[in-house]
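Overview (structure and organization)
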Amino acid sequence: MEVLQVPLHRIRIDNFSSLLSSSHRAMANEDGSHDLSLLLSSEERDFLIRNNGDQVKVSNLVGKIVGFYFSGSWCGPCRNFTPLLVEVYEQLSSKGDFEVVFISSDRDDESFNKYFSKMPWLALPFSDAETRKRLKEVFKVRGIPNLVIFDTNGKVSCDDAVSTVMEHGVDGYPFNLDRLNFLKEQEENAKKNQTISSILVSRSRDYVISNDGKKIPLLDLEGKMVGLYFSIHANSICREFTPKLVELYKRLKEKGEKFEVVLISLDFEENDFKESFETMPWLALPFNDKSCKKLARYFELETIPTLVVIGQDGKTLNPNVAELIEDHGIEAYPFTQEKLDELAKIEKAKLESQTLESVLVDGENDFVIDKSGSRVPVSGLVGKNILLYFSAQWCPPCRAFLPKLIESYRTIKAKGSAFEVIFISSDRDQTTFDEFYSEMPWLALPFGDGRKQILNRKFKIQGIPAAVAIGPSGRTITKEARMHLTAYGADAFPFTEEHLKQLEEEIEKKAKGWPEKVKHELHPEHELIRTKRSSYICDGCGESGYSWSFYCKQCDFDLHPKCALKVDIVLKLQSIVRRFLSFLKENAYQLCQKIGKMRC
């Protein structure tokens with residue numbers, strides 16, 4: 001099973017596909033087209049409905065561009081997307097050749113009617129559950145909102161039209177691959193001739209706003225360095241970064257630098273936008289402005305917070321300086337390549353001179369605590385191998401990893417190695433910290449210690465559990481110690497590059513002796529193929545795995561070699577026993593004669 005993460009996804013135009021799945025083809029004609037009348041009708045019904053109760057013949061859709069809108073009132077993303085689709089629909093309604101059919105995932109008639117009342121298009125009657133279910137199966141609807149677009153001939157022209165509408169709005173019409181390729185080419189040309197106005201001006205707006213409601217002409221930004229600040233107020237990392245950006249912004253203004261920031265809010269709720277923007281001394285695009293999502297795609301946004309820097313010439317100077325500001329503050333300005341090279345040299349020098357005390361001591365906080373709560377001076381840990389363990393009780397992967405870490409810790413300590421682990425908690429209160437720490441045999445930072453945030457920034461901890469290995473000299477050996485412990489257990493110690501390379505070579509050598517395919521009772525449908533995998537969750541034991549897996553790509557099913565081969569060995573032994581018993585049965589008479597002669 002693939003290890004999944006839920007980052008802010010990069011918005012890319014190549015996600016759009018007009019290719020039909022096998023299930024589409026099964027319901028389609030030889031030329032790939034669909035008869036919408038057959039898809040949407042039943043034996044008892046040849047009509048669709050409007051929210052006022054009017055019936056519309058399905059045959060009226062012939063020759064139109066039609067969208068099947070799979071949605072439900074209980075789904076937050078659906079409720080956010082529906083108004084966007086309504087806006088596009090109303091802009092296209094005058095053309096007379098575009099229609100949408102709502103296919104509900106609601107759980108009762110009342111919810112359906114309430115949700116449908118906000119939609120100006122058609123719907124399958126909620127009572128026809130069989131047709132709704134069939135359509136979801138035919139078009140492999142695994143999540144909502146989902147919008148499938150058919151061209152005038154009934155062929156699927158876009159099976160990811162939610163993204164198309166979100167990113168292009170009415171400009172995406174008629175929502176086919178040719179149109180999307182045209183828009184992509186248009187965008188690439190715009191990048192070549194990019195200016196701050198071409199980025200931020202829209203058809204209906206040539207200004208940005210200040211937090212007191214004033215409209216500031218975009219012409220005022222020409223000739224300035226501009227930071228486009230992509231942020232979500234609900235995101236804790238954004239809330240922690242904003243004050244740092246405010247400080248940098250004010251200091252640059254005091255120096256008279258031609259620098260401005262424009263907030264590109266990705267908030268869903270206007271109250272979140274207002275609460276966030278009122279703390280900011282810079283400008284913003286209006287809440288829910290269509291350009292916000294377009295800019296997220298234009299700059300291929302991968303994470304938040306992101307601060308894209310546009311140079312005084314209007315060209316992109318740096319795609320994201322948020323991390324630079326976190327690490328260096330105003331010293332990162334003006335974000336040029338020369339400045340980045342200078343900072344890289346400083347960072348390299350810091351790493352080479354790093355000591356355990358420079359990592360763990362902050363002012364008077366020069367200690368960690370043991371199980372009794374007593375202070376242990378950091379100076380007493382100098383010269384040891386240290387593992388910084390970032391974790392929390394509320395985190396399921398952390399709880400799953402803890403037994404493995406405890407086992408490895410005790411094995412390493414039993415060998416007499418100078419090794420210690422320090423728990424760095426992300427728990428939400430002292431009680432849960434105490435409960436979780438009571439399961440651990442090592443040291444910890446006190447709950448709520450300010451050094452946690454410093455260490456998070458220093459080692460760029462993006463998720464937990466995480467483990468950073470620091471060598472006897474105080475230098476960082478690896479930030480991926482969790483992965484190595486999962487893969488090799490205590491054998492991963494002392495986590496050096498040379499040692500891990502040796503372990504990898506041993507695994508590769510061992511893997512050559514494994515079968516290329518195995519059959520397993522946990523996955524009888526298909527053979528499992530020996531496959532090189534970066535990371536996965538074993539569907540047998542539930543533990544994380546790295547390097548090699550016995551894998552079924554069709555079903556995304558993984559088994560760790562120890563799980564796959566354990567049963568494989570048992571099956572082989574059973575086969576050997578069966579063959580031996582069969583041999584005895586077939587040759588019993590001859591064997592008895594030989595045994596009799598031997599006794600004589």
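Whatever comes next refers back to the structure up there.
Cut-offs used in this document
- Residues numbered from 1 in each chain as written.
- Predicted model: local features only at pLDDT ≥ 70, side-chain atom pairs only at ≥ 80, totals over all residues.
- Heavy atoms only, no water.
- Axes fitted to C-alpha atoms, helices over the stretch in contact; angles between N-to-C directions.
- Helix = DSSP H or I, 4+ residues; strand = E, 2+ residues; numbered from the N terminus.
- Parallel < 35°, antiparallel > 145°, perpendicular 65-115°, else oblique.
- Contact = heavy atoms within 4.5 Å.
- Nonpolar A, V, L, I, M, F, W, Y, C, P; charged D, E, K, R; others polar.
- Buried < 20%, exposed > 50% of the residue type's maximum accessible area, 1.4 Å probe, protein only.
- Polar contact = N/O pair within 3.5 Å; in protein donor to acceptor, adjacent residues only side chain to side chain.
- Pairing = 2+ DSSP bridges.
- Salt bridge = Lys/Arg side-chain N within 4 Å of Asp/Glu carboxyl O.

Moving on: the packing of helix 3 (residues 76–92) against helix 6 (residues 161–168). Interhelical geometry of helix 3 versus helix 6 gives an angle of 70 degrees and a closest axis separation of 10 Å. By the angle between their directions, the pair helix 3 and helix 6 is classed as roughly perpendicular. Note on element contacts: helix 6 touches helix 3 through Val162, Val165 and Met166, opposite Phe81, Leu84, Leu85 and Val88. Residue composition of the contact of helix 3 with helix 6, grouped by class: 7 nonpolar, no polar and no charged.

Relative to the helices and strands, Ser210 is located in strand 8 (residues 207–210). Using a relative accessible area of 13% as the deciding quantity, one classes Ser210 as buried. Polar contacts involving the side chain of Ser210 include one to the side chain of Asp212, which spans 2.3 Å. Excluding residues within four positions of it along the chain, Ser210 makes contact with Phe277, Trp282 and Leu283.

Moving on, we come to the pairing of strand 13 (residues 306–310). Burial analysis of strand 13 places 5 of its 5 residues in the buried class, which makes it a mostly covered element. Neither face of strand 13 is open: one carries Thr306, Val308 and Ile310, the other Leu307 and Val309, and all of them are buried. Relative to strand 13, strand 10 (residues 225–231) runs antiparallel, the two sharing 5 bridges. Residue Tyr229 lies in a different strand from strand 13, and its bridge partner there is Leu307. By the bridge criterion, 2 bridges tie strand 13 to strand 14 (residues 316–318) in an arrangement that is antiparallel. Note on strand 14: the bridge partner recorded for Val309 is Asn318. Two successive antiparallel strands, strand 13 and strand 14, enclose a turn made up of 5 residues, where Gly314 displays a positive phi of approximately 90 degrees.

This part is about the pattern of salt bridges. When the charged atoms of two side chains lie near each other, side chains of opposite charge can form a pair. Applying the stated criterion across every chain yields a total of 22 salt bridges. Put simply, Lys290 and Glu87 hold a salt bridge, and the shortest N to O gap is 2.5 Å. Of this pair, Lys290 sits in helix 11 (residues 290–298) while Glu87 sits in helix 3, placing them 203 residues apart in sequence. Each of Glu167, Glu187 and Arg297 takes part in a single network of salt bridges with overlapping partners.

Strand-to-strand pairing in sheets goes through backbone hydrogen bonds, with the strands running parallel or antiparallel. Read from one edge of the open sheet, 7 strands run 9-8-12-11-10-13-14, paired in mixed fashion. The open sheet has two free edges, formed respectively by strand 9 (215–217) and strand 14, since each of these has just one partner strand. In this sheet, strand 12 (residues 283–284) lies alongside strand 11 (residues 259–265) in parallel orientation, the contact comprising 2 bridges. Its bridge partner being in strand 12, Val262 is matched across the sheet by Leu283. Here helix 9 (residues 236–254) sits on the sheet and contacts strand 10, strand 11 and strand 13; the angle it forms with strand 11, its principal contact strand, is near 155 degrees.

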